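Coordinate analysis (summary)
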Protein chains: 2
Amino acid sequence: MTIPSLKTHRQQFPALANKAYFNYGGQGPLPQVSMDAIVQGYNDMQSYGPFSGKVYQWQNQETQLTRHLVANELGISPETLTFTENVTVGCNIVLWGIDWQPRRFHLEVSFFPLRETLNQGDPVAMISEYLKPNTRLLVISHILWNTGQVLPLTEIVNLCHNYNTKVLVDAAQSVGVLPLKLAETGVDFYGFTGHKWLCGPDGLGGLYVSAESLSELSPTFIGWRSIIGDEQGKPISWTPDGKRYEVATSAYPLYAAFRQAISLHHQWGTATERYQQICQNSQYLWQKLSEIPQIQCLKTSPPEAGLVSFQLTKVKSHKSLVDYLENRGIFLRTLLDPNCVRACVHYFTSPSEIDQLIETIKEFITTP
Amino acid sequence: MTIPSLKTHRQQFPALANKAYFNYGGQGPLPQVSMDAIVQGYNDMQSYGPFSGKVYQWQNQETQLTRHLVANELGISPETLTFTENVTVGCNIVLWGIDWQPRRFHLEVSFFPLRETLNQGDPVAMISEYLKPNTRLLVISHILWNTGQVLPLTEIVNLCHNYNTKVLVDAAQSVGVLPLKLAETGVDFYGFTGHKWLCGPDGLGGLYVSAESLSELSPTFIGWRSIIGDEQGKPISWTPDGKRYEVATSAYPLYAAFRQAISLHHQWGTATERYQQICQNSQYLWQKLSEIPQIQCLKTSPPEAGLVSFQLTKVKSHKSLVDYLENRGIFLRTLLDPNCVRACVHYFTSPSEIDQLIETIKEFITTP
């Protein structure tokens, strides 16, 4: 297999044709092959049905193919994967599904000051310090959406399991960035979306529930996809797998679009190769930003993922910078906590895009 | 405005080009204008972003336009409308959101034999008989998905409110069929989908929560769409409207597709005109079916909606009939309870489609 050139590869993404794009953490650009798959999916559904025995088979095949491909991406077995509309639904499934005895409600929720460990200290040690004897669940992000900090998942899970604490991960920023072998980490719950770093369509994501945790996590929102019926269609049990947390009809043409996006990434390189390229790109951006006197990056050492957040040290507002950039075809976003600007780079971000961003930021800063 | 001919109107639906279609209660055919809107939506998102200030405005406008149009369809105010992925999610929101004091769980659930009132008797009287002093919620369908029975919603709501019982309606089969002025009925909760009788895309539906019931129904699954944040983005309250039950990212291109489908129906006629035509078509089908000796329709009088369910009185299985028909390009489905075959007709079903169905059923019955 020949690795496509960066230019050829970027041409697969229509969104990249007219802009410099740094909002992968918000939403990834949809490749043309995914758009084609959506159109094909709608056309097939209309041709076969839209409601018919043939469409029913087609939908089953679409979900099965996608379940296997995505499970493979994550290093998990297909039975442990639930499709959701977004990351948040995945997290909600877990938060409502745990049997919080003796009282399901009136939970005690506490926080720990993770951000203090961004540039020094050890997040595992901090979590160890803040875990309580009765902590049932730790909720973290694998990669922090604001600071870009990457947490050591396996170490955290090992620690928590020693205390009988389960771990729920918001994986919005990690899936499509980090090479993952989730089952090996031991993590209990891992909620992700296809529409950010994997560049799939919005409205399709998933939740991993480990085989060990499946029987302990009750389904909350349920529907015909969750259950097995008897000869009269009467529910008799949950499905034996992650489908028990799925509800009812979804936009099925999105499934093939998601698969096409994943396949396109594979054409460029392995998960490890892509992650290394992301880090190379973000380190280049971080270095260039650090050289601008009026800019302070949140991280004082090179980033370990694709997110580079920074602050303006002078009076101009972050919003005015983002607006200034967007008016010039360069797309970043502000964050409120910490108050900063976030630039995301993907493996296919080009050096010239980064140079253009840097030049335009300098232009903004020096404009009265 | 000129009313388009039936032939011209049917040409707007690609699915109808190659088959005789009777599965509207399963999923409606997506019009070409809706498919075009989906493609346009994806292209616009890629051109504007996909994540940017402009896309954010576009998404807000898309949801707002759709919220207003759909609210108008239902006779409700836009603030009382929540978008969901399907009917089932809407019903789940209600079932989990009610403050079932003193104990939120261990609810007592009981059933009433509504089907006995299909051909005789009065559903309102039956509900009155089965309501208990402590019944908090009545769950019904507006139109029964299996028998096609249409329930008198206003009378049922009036009865229940006299007993302080709220009413949740599964509206999968009524939205897009009945002319609706929901706010006038007093109903508390009404969950529907766009992808059946309204012929919108799968994966987009909604829930109506009456203004009176909004404050009493706690959100369960929540996300950034549900809340209002302070200057640091920290949640400080629910949104004041039905958005409090919405969660996070959805497939936004579906919104315009949904609007296009609704507009297309308006081009043909008013809700009342469409409903009358549906009844005319279903009565024609019911009459023709009733004339076949080996067929028994579940209803002994003409249907009041688009669903016509029937049984074979001889030995052949319902599944073999449905397979026989699908192999000949005629699409119906079996139901398990009661064990029967269901044919759905829409306002744009053609008499020749019905004649073709009848002839093919006769052929099936007489084939050894």
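Residues numbered from 1 in each chain as written. Chains lettered and ligands numbered in written order. Predicted model: local features only at pLDDT ≥ 70, side-chain atom pairs only at ≥ 80, totals over all residues. Heavy atoms only, no water.

**Here's the deal with the overall build of chain A**
The helix and strand inventory of chain A stands at 12 helices and 13 strands. Over its C-alpha atoms chain A spans a radius of gyration of 22 Å, differing by no more than 12% from the 21 Å that the globule rule assigns to 368 residues. In terms of its C-alpha atoms, chain A occupies a principal-axis envelope of roughly 75 × 55 × 35 Å. Buried residues in chain A amount to 58% of all 368 residues. Carbon and sulfur atoms make up 51% of the accessible area of chain A, which amounts to about 15,400 Å² in all. (Helix = DSSP H or I, 4+ residues; strand = E, 2+ residues; numbered from the N terminus. Rg over C-alpha atoms; globule rule 2.2 N^0.38 Å. Buried < 20%, exposed > 50% of the residue type's maximum accessible area, 1.4 Å probe, protein only. Areas by Shrake-Rupley, 256 points an atom, 1.4 Å probe, with all protein chains shown as cover.)

**Some details on the relation of the copies chain A and chain B**
Screw-axis analysis of chain A against chain B gives a translation of 0.0 Å along the axis, an RMSD of 0.0 Å, and a rotation angle of 180°. This pairing of chains is accounted for by a two-fold axis. Among all C-alpha atoms of chain A, that of Val39 of chain A lies closest to the rotation axis, at 3.7 Å. A shared interface surface links the copies, since 100% of the contact residues of chain A are contact residues in chain B too. (Least-squares fit on C-alpha atoms with pLDDT ≥ 70 in both. Contact = heavy atoms within 4.5 Å.)

**Here we look at the sheet that holds strand S5 (residues 189–193) of chain B**
Residues and elements named next belong to chain B. Pairing is mixed in the open sheet, where five strands are placed in the order S2-S6-S5-S4-S3. The two strands at the open ends of the sheet, each matched to only one other strand, are strand S2 (81–84) and strand S3 (137–141). Strand-to-strand twist across the sheet, computed as the mean angle between neighbouring axes with direction ignored, equals 20°. Bridge count between S5 and strand S6 (residues 205–209): five bridges; the pairing is antiparallel. Paired with Phe192 across the bridge in S6 is Gly206. Where helix H3 (residues 53–74) meets the sheet, it contacts S2 and S5, and its direction lies at approximately 115° from that of S2. (Pairing = 2+ DSSP bridges. Axes fitted to C-alpha atoms, helices over the stretch in contact; angles between N-to-C directions.)

**Quick notes on the pairing of strand S13 (residues 339–344) of chain A**
All names here are of chain A. Buried residues dominate S13, accounting for five of its six residues. The pairing of strand S10 (residues 307–312) with S13 spans four bridges and is classified as antiparallel. In the strand pairing of S13, Leu307 is matched with Cys344. In this structure, strand S12 (residues 333–336) lies alongside S13, joined through four bridges in antiparallel fashion. Of the residues in S13, the one forming a bridge with Leu336 is Asn339. Joining the antiparallel neighbours S12 and S13 is a turn of two residues.

**A look at the interface of chain A and chain B**
At the junction of the two partners, chain A supplies 59 residues and chain B supplies 59 residues. Summed over the shared surface of chain A and chain B, the number is zero salt bridges. At the surface where chain A touches chain B, the tally comes to 26 residue pairs in polar contact (both at pLDDT 80 or more). In terms of residue count, helix H2 (residues 32–48) of chain A provides more of the side of chain A that touches chain B than any other element does, nine residues in total. Of the residues that constitute the side of chain A that touches chain B, the class distribution is 27 nonpolar, 22 polar and 10 charged. (Salt bridge = Lys/Arg side-chain N within 4 Å of Asp/Glu carboxyl O. Polar contact = N/O pair within 3.5 Å; in protein donor to acceptor, adjacent residues only side chain to side chain. Nonpolar A, V, L, I, M, F, W, Y, C, P; charged D, E, K, R; others polar.)

**Some details on the sheet that holds strand S12 (residues 333–336) of chain B**
All names here are of chain B. Read across the sheet, four strands follow the order S9-S10-S13-S12 without closing on themselves; strand pairing throughout is antiparallel. Two strands bound the open sheet, and with one partner strand each, they are strand S9 (295–297) and S12. For this sheet, the mean angle separating the axes of adjacent strands, direction not counted, is 40°. Note that S9 and strand S10 (residues 307–312) share three bridges and pair antiparallel. Across the sheet, residue Ile295 finds its bridge partner in S10, namely Leu312. In the packing of helix H10 (residues 271–290) onto the sheet, the strands contacted are S9, S10 and strand S13 (339–344), and the crossing angle to S10 comes to about 10°.

**Re unusual backbone geometry**
Here the bond from Gly49 of chain A into Pro50 of chain A is cis, since omega is 15°, no more than 30 degrees from zero. With respect to the helices, strands and loops of the structure, Pro50 of chain A is situated in the loop between H2 and helix H3 (53–74). Omega for the peptide link from Asp337 of chain B to Pro338 of chain B comes to -5°, which places this bond in the cis form. Here Pro338 of chain B is to be found in the loop between S12 and S13. The phi dihedral of Cys199 of chain A falls on the positive side, at around 65°, and the residue is not glycine. For Cys199 of chain A, the location among the structural elements is in the loop between strand S5 (189–193) and strand S6 (205–209). The buried category is assigned to Cys199 of chain A, whose relative accessible area is 0%. Located in the positive-phi region is Asn164 of chain B, a residue other than glycine, with phi close to 60°. Relative to the elements of secondary structure, Asn164 of chain B occurs in the loop between helix H6 (153–162) and strand S4 (166–170).

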